[in-house]
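# Structural features, examined
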Amino acid sequence: MQLTHKKPLTDMDIFEYEDIRFADIQLLRYRVPAFDTLSLKQKLYVYHLAEAALWGRDILWDQNCKYNLGIRRLLEDILLHSSVARDDEDWTAFMTYLRQVWFANGIHHHYSTDKFVPGFSAAWLRGAYSGIPSPVIGEDEFCMLSSVIMDPDLMSKRVCQDADDLLMASACNYYADGITQAEAEQFYRAMKAAAPDADRPVMYGMNSRLERAEDGTLRENTYGTGGLYAHHLQQISLHLHRAQEYAENDKQRDIIRLLTEFYRTGSLDTFDRYTIEWISETEGMVDFVNGFTEVYGDPLGLKASWEGYVNILDREATHRTRVLSENAQWFEDHSPVDSRFKKTECKGVTARVVQAAILGGDLYPSSAIGINLPNSNWIRSVYGSKSVTIGNLTEAYDQAAKGNGFREEFIPDEATRDMVNRYAHVLDDLHTDLHECLGHGSGQLLPGVDADALGVHGSTIEEARADLFALYYIADAKMYDLGLTPTADAWHSNYYTYMLNGLLTQLVRIQPGCRIEEAHMRNRALIARWCLEQSAYWAKAFGMEPAMELMRVGGKSRLVIRDYATLRQYIGQLLAEIQRVKSEGDTVAAAKLVERYGVDVDGALHEEVLARYRALDLAPYKGFINPRYTPVKDTDGNVVDVTISYDETYDEQMLRYGRDYS
Ligand code: ZN
């Protein structure tokens, strides 16, 4: 369950774009040209699946923190109805805070999970509340919500990974107040131990909130159309049923049947059956994810956050990933890992390049650009997995990337920068494909090794494994032979941007004085710093220049890569070791690697990078405004078309979602 299968942006994708901006956030729009190529039936399929994706929004808000929905109601009420002055700094601070809360689906930053610090005072908030003629929030609730908003020590972190008791220190709402980490772990240990089929374990705990009964014992409160979040899951199921009428094939209909059955019963066995069917459906143009999916939001990595999205196949771009999939066994056979840790038969690596049609729940507004599901280990090993790269999102980032000064600042060497400008986009997409289509699906655990053995470091090691697999093969002549890269050495651009990110530029996402905490960031730091240390070590041993070096030029740190081929050898060595750690469940080695290379931040270097980045005045995080779908009816009420529009503003969209899907 510690597996994490999303590849978020690299910091090379951080660029300015002409659109809405606040705090550390930039909003982009994405286009869905593939929607226009669909039949009316397919458009209606997309429409109802999109509605089902949007209906899960409040579930995520509540999962993130139990006060989130109340706070959103309060803030939106102030925005819409308060008589408070709207032309001063307090109002500006309020709007920034509200937009941050909207973006993060709650009061904690979507990435750092730290609680937002409002720029207005408690007295101002009280005045704004008093200015609402008939507030939706009563006085008592207001007092409580106000203290949650204003008191920096209350619920200060959504997901805490570094405390004696992770549950007590985390504000997320997957466990009722007062349940300790030890109690929760004991509860799920016992549940696993009592399981009838240990080889094929369901995802214990993923679709429930752990609560305490009156007699003091723990019990699960399960999400479902008759349980927790009943109203939202009923609406979701309703739209799924409508979508079923317009499905492209029987398998899609069957998938929806099993999913709605799961929402009705909460049965995790049904969920596994649904998942298996979902993996094998690859014929349709339209696909979707709808449900409890990612476990990043739970410090114990068991409870899954709600997310939903709909995608449409991009036929041309999918050629690239099909070629990779068809050669999956070749890559497995030729990887530098010990043969005991390799799969003798690589199954079901399906890969599609898609266009997102709607983003919902935990994928909105901040979205992954590649997704590999399912998360169930046994299903992955028996039935394979489904990978997508979301091409219209990466394209939106690339469009936003032109000429904002970032590359000029951090890649001062012109020849290197030219190479990056020419190849980075294509090669970054290829890296994502390799990571998702092959990386996560490669390798195997030794018999008897628990997939969760690596504990808190499991996510970092798993992401490192997928990234190393991608880095190792992106440099392989096979890529050029297969026609997947424009030139035989275009991969240099990917090595450069990857190392630059891991060593320098991803530090812009970390607050001064803080450590690296997020799994993907830890993994990048681990790989880049390990390679940097290898370079220095072997350079010293042989009295030569390092393959890779961080140099100081004119008071600024600069990444210099002299020998890409040698760098690739280091990547191969680390891949072999990380795969060993994973396959053997070597907890001690995992902790050593992560703690030595992936966590700490050099204070002086951090300060320097932050100052250089600040001077560029760019937003470090990006997210997306969804398009809007509208059914068009004729005079008899028959739906004759579904239109797509891109003109809704961020504020309008957020208010509409709050109104229509709540
Ligand atoms: Zn991944």
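Residues numbered from 1 in each chain as written. Predicted model: local features only at pLDDT ≥ 70, side-chain atom pairs only at ≥ 80, totals over all residues. Heavy atoms only, no water.

### Brief notes about the coordination of the zinc ion
Rule in force here: Only N, O and S atoms count as donors, using a 2.8 Å cut-off from the metal and 3.2 Å for Na, K and Ca, and because water is excluded some sites may appear unfinished. Each residue is placed in one exposure class: buried if its accessible area under a 1.4 Å probe, protein chains only, is under 20% of its type's maximum, exposed if it is over 50%, and partly exposed if it falls in between.
Note on the zinc ion: its protein donors are His435 (NE2), His440 (NE2) and Glu463 (OE). The metal-donor distances range over 2.1 to 2.2 Å. Counting along the primary sequence, the residues that act as donors to the zinc ion give the motif H-x4-H-x22-E. Accessibility classification places His435 together with His440 in one group, the buried group.

### Some words on the nonpolar core
The criterion, for reference: Only buried Ala, Val, Leu, Ile, Met, Phe, Trp, Tyr and Cys residues count toward a nonpolar core, and they belong to the same one when joined by side-chain atoms within 4.5 Å. Numbering of helices and strands runs from the N terminus, with a helix taken as a DSSP run of H or I at least four residues long and a strand as a DSSP run of E at least two residues long. How far each domain reaches was decided by an automatic or database domain assignment.
With 209 residues, the main nonpolar core has Phe94, Phe292, Met499 and Tyr629 as its most contacted residues. No other element matches helix α4 (residues 89–104), which puts 10 residues into this core. In terms of domain composition, this core takes at least three residues from each of domain 1 (3–30 + 66–160 + 627–660) and domain 2 (314–621).

### Observations concerning the pattern of salt bridges
To be explicit about the condition: Only one rule defines a salt bridge in this text: a Lys or Arg side-chain nitrogen within 4 Å of an Asp or Glu carboxyl oxygen.
Under the definition given, this model contains 38 salt bridges. For the salt bridge of Lys157 with Asp114, the shortest nitrogen-to-oxygen distance reads 2.7 Å. Of this pair, Lys157 sits in the loop between α6 (139–150) and α7 (166–169) while Asp114 sits in the loop between α4 and α5 (122–130), placing them 43 residues apart in sequence. In this structure, Arg257 and Asp254 form a salt bridge, with 2.8 Å as the shortest nitrogen-oxygen distance. With Arg257 and Asp254 both in helix α10 (residues 250–265) and 3 residues apart, the pair spans about one turn of that helix. A relative accessible area of 39% means that Arg257 is categorised as partly exposed. Assessed through its relative accessible area of 24%, Asp254 is described here as partly exposed. Residues participating in the shared-partner salt-bridge network are Asp338, Arg340, Glu577, Arg580, Glu584 and Asp586.

### Some details on the domain arrangement of the protein
Note the threshold: In this description, contact between two residues means that some pair of their heavy atoms is separated by no more than 4.5 Å. In this description, buried area is defined as the sum, over both parts, of the accessible area (probe of 1.4 Å) that is lost when the two are combined.
Domains assigned within the protein are domain 1 (3–30 + 66–160 + 627–660) and domain 2 (314–621). One C-alpha centre belongs to domain 1, the other to domain 2; they are set 32 Å apart. On the domain 2 side, the residues contacting the 36 residues of domain 1 number 60 residues. Carbon and sulfur atoms make up 59% of the area that domain 1 and domain 2 hide from each other, which totals about 4300 Å².

### Concerning the environment of Ile527
Along the chain, Ile527 falls in helix α21 (residues 519–542). Residue Ile527 is classed as buried on the basis of its relative accessible area of 0%. With 98 residues separating them in the primary sequence, Ile527 and Asp429 have C-alpha atoms 19 Å apart.

### Details of the sheet that holds strand β2 (residues 21–22)
Across a sheet, strands are paired by hydrogen bonds formed along the backbone, either parallel or antiparallel in direction. Spelled out, the test is: In this analysis, strands are considered paired if DSSP registers two or more bridges between them.
Spatial strand order, β2-β3-β13: 3 strands in an open sheet with mixed pairing. Looking at the sheet topology across the chains shown, the edges are occupied by β2 and β13 (621–625). Summarising the sheet, strand β3 (residues 25–29) and β13 pair through 5 bridges and their orientation is parallel. Residue pairing in the sheet places Leu28 in a bridge with Phe624 of β13.

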